[in-house]
Amino acid sequence: SAWTSVNSMNTARYSLAGGGTQTAAIGFSGVISTPALSGATETWNGTSWTSNPTGLATTRNNLAGSGTNTAGLGFGGYSPGVYQTSTEEWNFGVYSYSAAAWASGGNLNTARYFGGGAGTQTATLAYGGETTPGANTTASESYNGTSWTSTPSMSTARNGIGGIGTQTAALGAGGWIGPPPANPSSNLVESYNGSSWTSAPTLATVARNMGAAGTQTAAIIAGGFQFPS
């Protein structure tokens, strides 16, 4: 019913990724000052953010995230001149916070950034995104904790998409359809049932690069960017 301000993160940045819940979240990577990237990782306990000594091995922006603050996943994104396929797994140290660290996972089949992500560390869905300058993709793929496998594609290619839900019950909301120079933001929504994507009711407001959370049947979209509608 209302938004309430809480304690700030330790590292100011934008175009980061995250995962988890309202009381147990993780935020990682992003841009700290153009063009400087950060692999900084912070966990949220419902009250405050704590920085972890170990950041992502591959710093990038506009990557996708999934999972929890004890078992997270970061994948795709963009490093200077490189559309990333890199996947990293976050595992929280059970006995010592300093033991928490990122480890390499299997690479995406389709390099992308501004893509959507939904699921857990061992069951994630990646979809949409930009694959080359000005070119978006409909490609979708699933992760089993070891490797990525191609799955049925979305109907509409776009980047800046809001990723919501699980590997077998996901939503892809809004986004940036392109191509340049118009680059219209979209209110399109598609749902995935583990086998195929289908059209879902559209957003009330066109948007891209917004915050997205929840489940396929109880989702929330916040903020974002419109240009043009």
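About the thresholds
- Residues numbered from 1 in each chain as written.
- Predicted model: local features only at pLDDT ≥ 70, side-chain atom pairs only at ≥ 80, totals over all residues.
- Heavy atoms only, no water.
- Helix = DSSP H or I, 4+ residues; strand = E, 2+ residues; numbered from the N terminus.
- Rg over C-alpha atoms; globule rule 2.2 N^0.38 Å.
- Buried < 20%, exposed > 50% of the residue type's maximum accessible area, 1.4 Å probe, protein only.
- Contact = heavy atoms within 4.5 Å.
- Lys, Arg positive; Asp, Glu negative; His and termini not counted.
- Charge placed at Lys NZ, Arg CZ, Asp CG, Glu CD.
- Salt bridge = Lys/Arg side-chain N within 4 Å of Asp/Glu carboxyl O.
- Polar contact = N/O pair within 3.5 Å; in protein donor to acceptor, adjacent residues only side chain to side chain.
- Phe/Tyr/Trp six-rings, centres within 6.5 Å; stacked < 30°, edge-to-face > 60°.
- Pairing = 2+ DSSP bridges.
- Axes fitted to C-alpha atoms, helices over the stretch in contact; angles between N-to-C directions.

## A closer look at the overall build of the protein chain
- Counting secondary structure elements, the protein chain contains 0 helices and 24 strands.
- Its C-alpha atoms give the protein chain a radius of gyration of 16 Å, within 12% of the compact-globule value 17 Å for 229 residues.
- Taken along the three principal axes of its C-alpha coordinates, the protein chain extends 45 × 40 × 35 Å.
- The proportion of buried residues among the 229 residues of the protein chain is 44%.
- The long-range fraction of contacts in the protein chain, counting pairs at least 24 apart against all pairs at least 6 apart in sequence, stands at 47%.
- The protein chain carries 5 positive and 6 negative side-chain charges, and their two centres are separated by 6 Å.

## Description of the pattern of salt bridges
- All chains considered together, the criterion is met by 4 salt bridges.
- A salt bridge links Arg-112 to Glu-141, with the nearest nitrogen and oxygen atoms 2.7 Å apart. Of this pair, Arg-112 sits in the loop between strand 12 (101-104) and strand 13 (116-120) while Glu-141 sits in strand 17 (residues 140-143), and the two are 29 residues apart along the sequence.
- On the accessibility criterion, Arg-112 (3% relative accessible area) is buried.
- Residue Arg-158 pairs with Glu-190 through a salt bridge whose shortest N-O separation is 3.0 Å. Pair noted here: Arg-158 is in the loop between strand 18 (148-151) and strand 19 (162-165) and Glu-190 is in strand 21 (residues 189-192), with a separation of 32 residues, a long-range link. Both residues of the pair, Arg-158 and Glu-190, belong to the buried class.

## Quick notes on the environment of Thr-41
- Positionally, Thr-41 belongs in strand 5 (residues 41-44).
- Sequence separation between Thr-41 and Thr-54 is 13 residues, and the spatial gap between their C-alpha atoms is 7.1 Å.
- In contact with Thr-41, other than residues within four places in its own chain, are Ile-26, Gly-27, Phe-28, Thr-50, Ser-51, Asn-52, Thr-54, Gly-55, Leu-56, Trp-90 and Trp-102.
- Polar side-chain contacts of Thr-41 include one of 2.8 Å to the side chain of Trp-102.

## Here we look at the packing of aromatic side chains
- Counted according to the given criterion, the structure contains 11 aromatic pairs.
- Arranged with centres 5.4 Å apart and planes meeting at 50°, the rings of Trp-90 and Trp-102 form a pair that is tilted. Of this pair, Trp-90 sits in strand 11 (residues 87-91) while Trp-102 sits in strand 12, and the two are 12 residues apart along the sequence.
- A relative accessible area of 0% places Trp-90 in the buried class.
- Accessibility expressed as a relative area gives 11% for Trp-102, which makes it buried.

## Structural notes on the side chain of Arg-208
- Within the secondary structure layout, Arg-208 lies in the loop between strand 22 (197-200) and strand 23 (211-215).
- Looking at Arg-208, its side chain comes within polar contact range of the side chain of Asn-209, at 2.6 Å.
- What Arg-208 contacts, discounting residues up to four positions off in sequence, is Gly-160, Gly-175, Trp-176, Ser-185, Gly-224 and Phe-225.

## Here's the deal with the sheet that holds strand 1 (residues 17-21)
- Spatially, 4 strands are ordered 1-2-5-6 in an open sheet, and the strand pairing comes out antiparallel. What marks the edges here is a single partner per strand, and that holds for strand 1 and strand 6 (49-52). In this sheet, adjacent strand axes meet at a mean angle of 20° when their direction is disregarded.
- Across 4 bridges, strand 5 lies against strand 6 in antiparallel orientation. Residue pairing in the sheet places Trp-44 in a bridge with Trp-49 of strand 6.

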